[in-house]
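# Per-entry structural report
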Amino acid sequence: MTTTFAGLWRELEPLGRDGAAGGYRRFSWTEADARCRAWFTDRATERGLRVEADNNGNLWAWWGRRGPRAVATGSHLDSVPGGGAYDGALGVVSALAAVDLLRERGFHPERPVVLAVFTEEEGARWGVPCLGSRLLTGAIAPDAARRLTDDDGVTLAEAMAAAGCDPALIGPGDDLLAGLAAFVELHVEQGRALAPLGAAVGVGEGIWPHGRWRLSFHGRADHAGTARLADRSDPMLPLARTVLAAREAAGRNGALATVGKVTAEPGGANAVPETATAWLDARAPAEAALAETVAAVRSAAEEAAAEQGVALGVRQESYTPPVRFDDGLRQRIAAVLAAAGPGPAPALRTGAGHDAGVLAARLPTAMLFVRNPDGVSHSPAERADPADCEAGVRALAAVLEDLAG
Ligand code: GLV
Ligand code: MN
Ligand code: MN
């Protein structure tokens, strides 16, 4: 049995990677995802943990009998396209390594400890982030989720059925949630707040409100070599204006706005496209600033579309209100880390979404962040130092020991 963080990390690292130095593509319910899930199931089972999948495809590995007042930890194993090695995976590997460490110390939990792996946290395949935890908590209707369609036209229901899960059963898991006393998610830091403070581990304070909007510009396909500029109805032009407007609106409102996914259909190099679609990801410290940013982008898109004779459709694909992690749990964790660690763990707010943020609507949740020396994430350049990963495992173990002891 592999007992160290480094050994577990080495095993998981090659799964779902595009070439040796490339990023990860671990989209949910794909072959790469199945390999990651099988890896987790095997590693947990060989540790004597009982692994179950809930109706939404989230995995739960129980240390001790499943029962009330359980302490949950874990994260996700899916990735964005071209993702880094640490986002999600660090929390899952650290959870297994923390169990090993606690056992080495002879710790026997009084409450059950359960290790969770959430499905489709990134929303990379079906567009809605934290889909597994949203379904579990009832934050998305099962019918709406079943109908979600990926870029190849495959619905969530079809992909789950192909993987042997019954999509008719997806939806809230009130019994499971009622049995959880707390969820603590360890995650690689995204951004660079810990390095200047000289801290290896931080404690999450809250998450900015954020959402995704799909803007579809519909024009008229035409010949690139013969259609006069004045005669075109080119959907790419208002899309381009909208991207610049998003940047300006975010700057004005102290927000972040990103257009990271754009498609032109039918996609001919020598044709004016018929449709151009852009996904707007917008986040801000407060909901008012977020709403103003999105409204400004929307009106810029409407104006630019009208000028070009292009039709525009705007659809909100997901929305996550602001999250403040449980005060009592945070204070308890801060006290544990101050006593067990090299010093106080700074409190961090983040613009990145997490399953802990979705679960916060139903139970006390908290997060630990492990220093990211460069701050880069959602990128193959994402990294964390091995010594900091080990510090994260020790911090998580101390927290679990306190909460479950
Ligand atoms: C999750 O990584 C997010 O996009 O916030
Ligand atoms: Mn992510
Ligand atoms: Mn993540």
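Residues numbered from 1 in each chain as written. Chains lettered and ligands numbered in written order. Predicted model: local features only at pLDDT ≥ 70, side-chain atom pairs only at ≥ 80, totals over all residues. Heavy atoms only, no water.

Let us look at the side chain of Thr119. As for its position among the elements, Thr119 is in the loop between strand S4 (113-118) and helix H4 (131-137). Only 2.8 Å separates the side chain of Thr119 from the backbone oxygen of Gly57, close enough to count as a polar contact. (Helix = DSSP H or I, 4+ residues; strand = E, 2+ residues; numbered from the N terminus. Polar contact = N/O pair within 3.5 Å; in protein donor to acceptor, adjacent residues only side chain to side chain.)

Moving on to the layout of surface pockets. Roughly 1,300 Å³ of internal volume is contained in the largest pocket. Only strand S7 (210-218), strand S9 (256-265), strand S11 (275-283), strand S12 (311-320) and strand S14 (347-350) provide two or more residues apiece to the lining of the largest pocket. In terms of residues, the lining of the largest pocket owes the most to one element, S9, which gives seven residues. Tallied by class, the residues present in the lining of the largest pocket amount to 13 nonpolar, 20 polar and 15 charged. The calculated volume of the second largest pocket comes to roughly 290 Å³. In terms of lining residues, the second largest pocket is bounded by 16 residues, among which Val201, Leu337, Gly341, Pro342 and Gly343 are the most central. (1 Å grid on protein atoms, 1.4 Å probe; cavity = no way out; pocket = protein on both sides within 12 Å on 5 of 7 lines; lining within 4 Å. Points joined across faces, edges and corners; volume = space filled by probe spheres on them. Nonpolar A, V, L, I, M, F, W, Y, C, P; charged D, E, K, R; others polar.)

With that out of the way, let us pick up empty space enclosed by the protein. Tallied over the entire structure, the rule returns three cavities of 30 Å³ or more. Considering only enclosed or pocket space, the largest cavity measures out at about 40 Å³ in volume. Along its surface, the largest cavity is lined by Leu215, Phe217, Leu239, Thr242, Val243, Ala246, Val259, Ala278, Leu280 and Val297. If you list the elements that add at least two residues to the lining of the largest cavity, you get S7, helix H9 (236-253) and S11.

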